[in-house]
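Single-letter residue listing:
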Amino acid sequence: MKIFLIGFMGSGKTHWGRLLAEKLNLSFFDLDSVIAKTEEKTISQIFVEKGEEFFRYKEKEVLEEIVNDHDKFILSCGGGTPCFFNNIEFIKDSGTVIWLNTSIDVLKERLLKERATRPLIKAIGEAELKHYIIRKLGERKMYYEQADFIVNEETATLQSILDMLAH
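Nothing here was measured: the structure is a model prediction, and the numbers come from that model.

Quick look at the packing of aromatic side chains now. In total, this model carries 5 aromatic pairs according to the counting rule given. Aromatic pair Phe-4 and Phe-73: ring centres 5.6 Å apart, planes at 85°, arrangement edge-to-face. With Phe-4 in strand S1 (residues 2-6) and Phe-73 in strand S3 (residues 73-76), this residue pair connects regions lying 69 residues apart in the sequence. The exposure classification of Phe-4 matches that of Phe-73, with both residues buried. For the ring pair Tyr-57 and Phe-85, a centre distance of 4.8 Å and an interplane angle of 50° mean the geometry is tilted. Placement of the pair is Tyr-57 in helix H3 (residues 43-69) and Phe-85 in the loop between S3 and helix H4 (87-94), with a sequence separation of 28 residues. Accessibility expressed as a relative area gives 48% for Tyr-57, which makes it partly exposed. Taken together, the ring pairs in this structure connect Phe-4, Phe-29 and Phe-73 into an aromatic cluster.

Below, the structure is given as structure tokens:
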């Protein structure tokens with residue numbers, strides 16, 4: 001069982017990934033955390049020092065290593081992971097993909113609190129953040145919509161996600 005959680009930054013992928021992994025007794029990986037550990041830098045440092053292009057190549061490499069090296073896991077992908085290279089096809093071919101669909105207002109509220117640790121929105125002011133989310137979500141939605149399951153994150157429960165996976 002390989003389960004991939006996708007969705008916009010702040011959509012709850014790490015939160016739900018940990019809960020699912022614990023409940024299903026599976027290994028949990030947060031793709032950004034694995035990349036940061038591999039590079040011995042924060043994601044923000046990688047973006048500043050090496051750029052987004054380097055990060056996206058590293059992301060693809062680490063994603064493929066996790067898939068190839070482990071039989072069963074829950075993986076919380078970065079918000080952009082499905083949108084680059086052939087990553088969405090790769091994860092769909094490798095396991096079950098769940099899109100945590102979270103409303104724009106909830107994303108904005110969460111991301112305002114986390115801006116310092118989010119390289120893509122660090123310099124965006126509060127007034128522009130909602131417009132940024134709307135624009136980026138518009139670009140990424142066609143990838144997210146390819147998920148096997150779409151979960152309304154704000155009303156989801158651990159049991160409702162487990163029930164969905166069981167069918």
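Having seen the structure, we can now continue with the description.
Pairing is parallel across the open sheet formed by 5 strands, whose spatial order is S2-S3-S1-S4-S5. The open sheet has two edge strands with one neighbour each: strand S2 (27-30) and strand S5 (149-152). Going across the sheet, the axis of each strand differs from the next one's by a mean of 20°, ignoring polarity. As defined by bridge partners, S1 adjoins strand S4 (residues 96-101) across 4 bridges and the pair is classed as parallel. Across the sheet, residue Ile-3 finds its bridge partner in S4, namely Thr-96.

Let us now look at the pairing of S1. Counted residue by residue, S1 has 5 buried out of 5 residues, so it is predominantly covered. The alternating pattern of S1 places Lys-2, Phe-4 and Ile-6 on one face and Ile-3 and Leu-5 on the opposite face, and all of these are buried. Here 4 bridges tie S1 to S3, and the two strands are oriented parallel to one another. Paired with Leu-5 across the strands is Ser-76, a residue of S3.

Membership of the largest hydrophobic core comes to 34 residues, with the highest contact counts inside it found for Phe-4, Ile-6, Phe-8, Leu-63, Leu-75 and Ile-91. Broken down by secondary-structure element, the contributors of at least two residues to this core are S1, helix H2 (31-39), H3, S3, H4, S4, helix H5 (104-114) and helix H6 (126-144). Of the residues forming this core, the biggest block, 8 residues, is contributed by H3. Those residues in contact with Phe-8, other than ones at most four positions away along the chain, are Lys-13, Gly-79, Leu-107, Leu-111, Tyr-132, Ile-133, Lys-136, Leu-137, Arg-140 and Tyr-144. Core analysis: the next-biggest nonpolar cluster, separate from the first, contains 15 residues, Ile-3, Trp-16, Met-164 and Leu-165 among them.

A few words on the environment of Asn-87. Summarising the element assignment, Asn-87 is placed in helix H4. By relative accessible area, which is 1% here, Asn-87 ends up buried. Through-space distance from the C-alpha of Asn-87 to that of Glu-64 is 9.1 Å; in sequence the pair is 23 residues apart. Aside from chain neighbours lying at most four places away, what touches Asn-87 is Lys-60, Leu-63, Thr-81 and Pro-82.

Here we take up the environment of Glu-49. Looking at the secondary structure, you find Glu-49 in helix H3. Among the polar contacts listed, one links the side chain of Glu-49 to the side chain of Lys-41, at a separation of 2.9 Å.

Criteria and thresholds
- Residues numbered from 1 in each chain as written.
- Predicted model: local features only at pLDDT ≥ 70, side-chain atom pairs only at ≥ 80, totals over all residues.
- Heavy atoms only, no water.
- Phe/Tyr/Trp six-rings, centres within 6.5 Å; stacked < 30°, edge-to-face > 60°.
- Helix = DSSP H or I, 4+ residues; strand = E, 2+ residues; numbered from the N terminus.
- Buried < 20%, exposed > 50% of the residue type's maximum accessible area, 1.4 Å probe, protein only.
- Pairing = 2+ DSSP bridges.
- Axes fitted to C-alpha atoms, helices over the stretch in contact; angles between N-to-C directions.
- Core = buried A, V, L, I, M, F, W, Y, C linked by side-chain atoms within 4.5 Å.
- Contact = heavy atoms within 4.5 Å.
- Polar contact = N/O pair within 3.5 Å; in protein donor to acceptor, adjacent residues only side chain to side chain.

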